[in-house]
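Structure assessment
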Number of protein chains: 2
Amino acid sequence: MTAIIEPRVLKGFRDFLPSSEITRIKLIEKIEASFRSFGFVPIDTPALEYAEILLGKGGGETEKQIYRFTDNGGRDVALRFDLTVPFARFTALHQNEIAFPFKRYHIGKVWRGENTQRGRYREFTQCDFDIIGSDSTAADFEILLLIRNTLLGLGADVRIHLNHRGLFNLFLKRLNLTEKSQEILQTVDKKNKVVQEETFNSLASLAGEDNAKKILHFTGGNSGEETFEQCLQRITELTGGASPESERLSMLRRYMTDSGCADIFVLDPSITRGLDYYTGVVFETFLTKLPDIGSICSGGRYDNLAGLYSKSKISGVGSSIGLDRMIAALENLGALPSSAVYAKAAICCNRQEHFGLYQTLALKFREADIPCEVFLEETDKQVKQFVLAEKKGIAALIIPGENPLTDPITIRDIGKRQNTEGLSFTQACKVIGEIR
Amino acid sequence: MTAIIEPRVLKGFRDFLPSSEITRIKLIEKIEASFRSFGFVPIDTPALEYAEILLGKGGGETEKQIYRFTDNGGRDVALRFDLTVPFARFTALHQNEIAFPFKRYHIGKVWRGENTQRGRYREFTQCDFDIIGSDSTAADFEILLLIRNTLLGLGADVRIHLNHRGLFNLFLKRLNLTEKSQEILQTVDKKNKVVQEETFNSLASLAGEDNAKKILHFTGGNSGEETFEQCLQRITELTGGASPESERLSMLRRYMTDSGCADIFVLDPSITRGLDYYTGVVFETFLTKLPDIGSICSGGRYDNLAGLYSKSKISGVGSSIGLDRMIAALENLGALPSSAVYAKAAICCNRQEHFGLYQTLALKFREADIPCEVFLEETDKQVKQFVLAEKKGIAALIIPGENPLTDPITIRDIGKRQNTEGLSFTQACKVIGEIR
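Residues numbered from 1 in each chain as written. Chains lettered and ligands numbered in written order. Predicted model: local features only at pLDDT ≥ 70, side-chain atom pairs only at ≥ 80, totals over all residues. Heavy atoms only, no water.

What to know about the overall build of chain A
The helix and strand tally for chain A stands at 15 helices and 16 strands. A globule of 436 residues ought to have a C-alpha radius of gyration of about 22 Å, yet chain A, at 28 Å, is considerably larger. For the C-alpha atoms alone, the extent of chain A along its principal axes is close to 90 × 55 × 45 Å. Long-range contacts, defined here as pairs at least 24 residues apart, represent 67% of the contacts in chain A between residues at least 6 apart. Surface summary for chain A: the accessible area is close to 18100 Å², and the carbon and sulfur share equals 48%. Taking the 54 positively charged and 57 negatively charged side chains of chain A as two groups, their mean positions are separated by 1 Å. (Helix = DSSP H or I, 4+ residues; strand = E, 2+ residues; numbered from the N terminus. Rg over C-alpha atoms; globule rule 2.2 N^0.38 Å. Contact = heavy atoms within 4.5 Å. Areas by Shrake-Rupley, 256 points an atom, 1.4 Å probe, with all protein chains shown as cover. Lys, Arg positive; Asp, Glu negative; His and termini not counted. Charge placed at Lys NZ, Arg CZ, Asp CG, Glu CD.)

A short note on the pattern of salt bridges
The final tally for this structure, using the stated rule, is 60 salt bridges over all chains. Here Asp140 of chain B makes a salt bridge to Arg248 of chain B, at a shortest N to O gap of 2.6 Å. Highlighted residues: Asp140 of chain B in helix 5 (residues 137-153) and Arg248 of chain B in helix 11 (residues 244-258), separated in sequence by 108 residues. In this structure, a network of salt bridges that share partners links the residues Lys103 and Glu142 of chain A together with Glu373 and Lys392 of chain B. (Salt bridge = Lys/Arg side-chain N within 4 Å of Asp/Glu carboxyl O.)

Quick word on the nonpolar core
Core analysis: the biggest nonpolar cluster contains 284 residues, and Ile215 of chain A together with Ile215 of chain B have the highest contact counts within it. Setting aside its immediate chain neighbours within four residues, Ile215 of chain A contacts Phe168, Phe171, Leu172, Leu175, Leu177, Ile184, Val188, Leu203 and Ala207 of chain A. (Core = buried A, V, L, I, M, F, W, Y, C linked by side-chain atoms within 4.5 Å. Buried < 20%, exposed > 50% of the residue type's maximum accessible area, 1.4 Å probe, protein only.)

Comments concerning the interface of chain B and chain A
Contacts between the two partners involve 107 residues from chain B, matched on the other side by 107 residues from chain A. Interface area, chain B with chain A, both sides summed: about 8800 Å², of which 62% is carbon and sulfur. Here chain B and chain A share 10 salt bridges between them. Between Asp15 of chain A and Arg89 of chain B there is a salt bridge, with its nearest N and O atoms 2.5 Å apart. (Buried area = accessible area lost by both parts, 1.4 Å probe.)

Section: the relation of the copies chain B and chain A
Once turned by 180° and shifted 0.0 Å along the axis, chain B lies on chain A with an RMSD of 0.0 Å. Here the symmetry operator amounts to a two-fold rotation axis. For chain B, the residue whose C-alpha comes nearest the rotation axis is Phe69 of chain B, separated from it by 3.1 Å. Mapped onto chain A, 100% of the interface residues of chain B again fall at the interface, so both copies present the same surface. (Least-squares fit on C-alpha atoms with pLDDT ≥ 70 in both.)

Some remarks on the pairing of strand 6 (residues 123-132) of chain B
Residues and elements named next belong to chain B. Buried residues dominate strand 6, accounting for 10 of its 10 residues. Here strand 5 (residues 102-111) pairs with strand 6 via 10 bridges, running antiparallel. If you follow Phe102 over to strand 6, its bridge partner there is Ile132. With seven bridges connecting them, strand 6 and strand 11 (residues 316-322) associate as antiparallel partners. Across the sheet, Ile131 pairs through a bridge with Val317, a residue of strand 11. (Pairing = 2+ DSSP bridges.)

A word on the side chain of Arg248 of chain A
Residue and element names in this part refer to chain A. By relative accessible area, which is 18% here, Arg248 ends up buried. At a separation of 2.4 Å, a polar atom in the side chain of Arg248 contacts the main-chain carbonyl oxygen of Asp135. Leave out the neighbours within four places in its chain, and Arg248 touches Asp135, Ser136, Thr137, Asp140, His164, Val281 and Arg301. (Polar contact = N/O pair within 3.5 Å; in protein donor to acceptor, adjacent residues only side chain to side chain.)

Regarding the sheet that holds strand 3 (residues 68-70) of chain A
Residue and element names in this part refer to chain A. On the basis of which strands lie adjacent, the open sheet formed by three strands has the order 2-4-3 and antiparallel pairing. On the outer flanks of this sheet lie strand 2 (48-50) and strand 3, each paired with one strand and no other. Strand-to-strand, the axes of this sheet are offset by a mean angle of 35°, without reference to chain direction. When strand 3 meets strand 4 (residues 76-79), the two strands line up antiparallel, connected through three bridges. Its bridge partner lying in strand 4, Phe69 is registered against Val77. (Axes fitted to C-alpha atoms, helices over the stretch in contact; angles between N-to-C directions.)

A look at the sheet that holds strand 1 (residues 41-42) of chain B
Residues and elements named next belong to chain B. Reading across from one edge, 1-5-6-11-10-9-7-8 is the order of the eight strands in this open sheet, with mixed pairing throughout. The sheet terminates laterally at strand 1 and strand 8 (265-267), the two strands that pair on one side only. With respect to the sheet, helix 10 (residues 228-238) is in contact with strand 7 (158-164) and strand 8, its orientation differing from that of strand 8 by roughly 25°.

Considering the packing of aromatic side chains
Following the criterion strictly, the structure yields 28 aromatic pairs over all chains and no others. Between Phe171 of chain A and Phe218 of chain A the ring centres are 4.2 Å apart and the planes differ by 15°, which places this aromatic pair in the stacked class. Here Phe218 of chain A lies in helix 9 (residues 209-219) and Phe171 of chain A lies in helix 6 (residues 165-174), a separation of 47 residues in the sequence. There is no split in this pair, since Phe171 of chain A and Phe218 of chain A are both buried. Among the aromatic residues, those joined into a cluster by ring pairs are Phe13, Tyr67 and Phe69 of chain A together with Phe13, Tyr67 and Phe69 of chain B. The ring centre of Tyr121 of chain A lies 3.4 Å from the NZ or CZ of Arg14 of chain A, which sits over that ring. Above the face of the Phe386 of chain A ring, Arg412 of chain A is positioned so that its terminal group lies 3.9 Å from the ring centre. (Phe/Tyr/Trp six-rings, centres within 6.5 Å; stacked < 30°, edge-to-face > 60°. Lys NZ or Arg CZ within 6 Å of the ring centre and 35° of its normal.)

Section: the packing of helix 13 (residues 355-367) of chain A against helix 5 of chain B
At a closest axis distance of 11 Å, the pairing of helix 13 of chain A and helix 5 of chain B adopts a crossing angle of 35°. The way helix 13 of chain A lies across helix 5 of chain B gives a crossing that is right-handed. Contact residues: helix 13 of chain A offers Phe355, Gly356, Gln359 and Leu363 of chain A, while helix 5 of chain B offers Ala138, Phe141, Glu142, Leu145 and Asn149 of chain B. Taken together, the residues of the contact of helix 13 of chain A with helix 5 of chain B sort by class into five nonpolar, three polar and one charged. (Left-handed = near helix turned anticlockwise from the far one by under 90°. Nonpolar A, V, L, I, M, F, W, Y, C, P; charged D, E, K, R; others polar.)

Structure representation (structure tokens):
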């Protein structure tokens, strides 16, 4: 008699029962369909990599959170903590096998030993999409449009706030604050998460009170008091007139208008994204009905993706959807895909020895595009088959006659508790098709 | 100037470039479609679990191969090395949330620090499917039928060899060899991998020469000299006449005949499956055109799935497809899904400033079910757009007129290097639809 090992999962890790797994899969399928329709192609990379590669960027936060260990061969390895670093390594390694511009997506799990008290998971799914090998404004716009279309496809209306990092840097240069630009960017990045006074005080201590006022004036105007065009004009002036950066925003605006979706975009000079990785256009996406949960899809343009692993300078623009946050948001909006099981119908098992015939009948229904399971066990009362169907979430029960392949069929609508009797196979398919 | 970190992946791990990733995804989609059409539902479990749980079964081989380490919280953890053990733990943990009989599938990555010299990978994908909570012969048959239909759906004809462990045990009992049954089972399991003499010698040293002859006689007959029925009759007699085990094989045979697929099944008393985990019907699947690569899908019935983690005795029957072996086999048969990119068409970028209008046009094609990317950058010569399309594997290039939304469209068949000019949008869709 062996002792029982307590069945449990690690803190921050989750099992997915069919009801939640089906929803997740349907959501991912919708996201993939959108990516694919834009001509983005999938890649995959290992879960485990050399720690040296994943930690290349350094970064204390990452180092603390990463799952890192020595494998049986003595290698220093770690689980990937995002899909960006593996993509950089992938690009450096395969640059000669890729046709640029390269539009790729990557949906996969990542692992971080984060503090789970903040409602975070230690294993979660990211959906990354990037265009690399193109400096064009067209690439910036395509990523923005793809965000819009993907989220619309999920049933979520969005507002995308964007800015140009270079324009902000030009402004700081005019204030002789270039050296402190990274700290100022990060302070502004946190602007909406703290009280206004705190931002002012932080900026004042970095740049003096006068400059703090100027910076807050520059980054303002995003709450609806200015149109995209007015804001662009204002910040263009504040940066010393037209520049390649302001021209890029103008062209972006033209693309937005030409594709009929200008109204969802907000030029918001307070968007900076903290990471020093970004160098061009940066953006954050908010749900119009749930703006308070923060950005659900952020990203931007970078000019040196794979610099740690290659001498080639590969620029690009990309973004990422966190699946768990998206699921929580869609649940809140009542827009989650249904968790309905795949089998719409099941065949009632009236006589155990007929199981082979029931499977033959099931095959006919499957060929008629009706996913169909077969109940495995005969029961003393038919009502037990109804109960099982209900428990399994199956909409229609197919009740065959004594000769399952030739006798008329009865269809039971499990939800309505109604039978329709005496049906031919074709009629049965039709009745099942009408059941919701 | 930072030093370059060499971009590389760990031995036994792989990147998947779009061409191979698309093939893998299409293959998985076909497998999933088959599972779903039978009413099987998906689950998922964490990549990382308590080592105690994954190693519950003990087993020296497993312990050597598993990726095991201490996490930042001091927990003894490991990466899953198969999907069976996590499923046992899952079932023990969630038995009150599951509607039995439970038909589930699980497709996911697993990790083993195996010797890569044997052409094995350290990260690979498994596709498991099981029915638990049913002792019925119907469940055994459904798993066998699902294997057949799934592999047929992949374009592979199969022959499934099966046996009943219990019948073999009855036979050994009559020879007073019950105590050595596990060693004998394992020797027979290796039968087809070694020369006949070696098997005989091993059996003789375990059970004596006389019994060795009897065992080889019992396990013979699988090479076509006997029909299923003849073999069943012979081994029934050798086990002392009809038993619940022989009755089960009879019923299974009836199901096979009733569902019109009797000819693909071989009763093969030499199939034993080495693991002591199996207690009932066991089976191996061979490709009729590539029998020598061995079983591509094996499994069987077990009577105590979650015994290590729960006092509930949950029986079931299940099987597993190794995706990499399947891909190698299908490649060999020329039956791999194509690696064609998702975007069948691309819009030629004639004028950079029209990119917003091109995206609007692309949207129309996507709505007409033509996945369509938009080329990002204008080129000095149009032929460069043709070259890019060819490089990316895109079949049709959409060349808009000066006014992209109203002027007639030209479609270029990239393969045939042919233009069709002066098309309306509807005509353009039709022309694209006809391009292979």
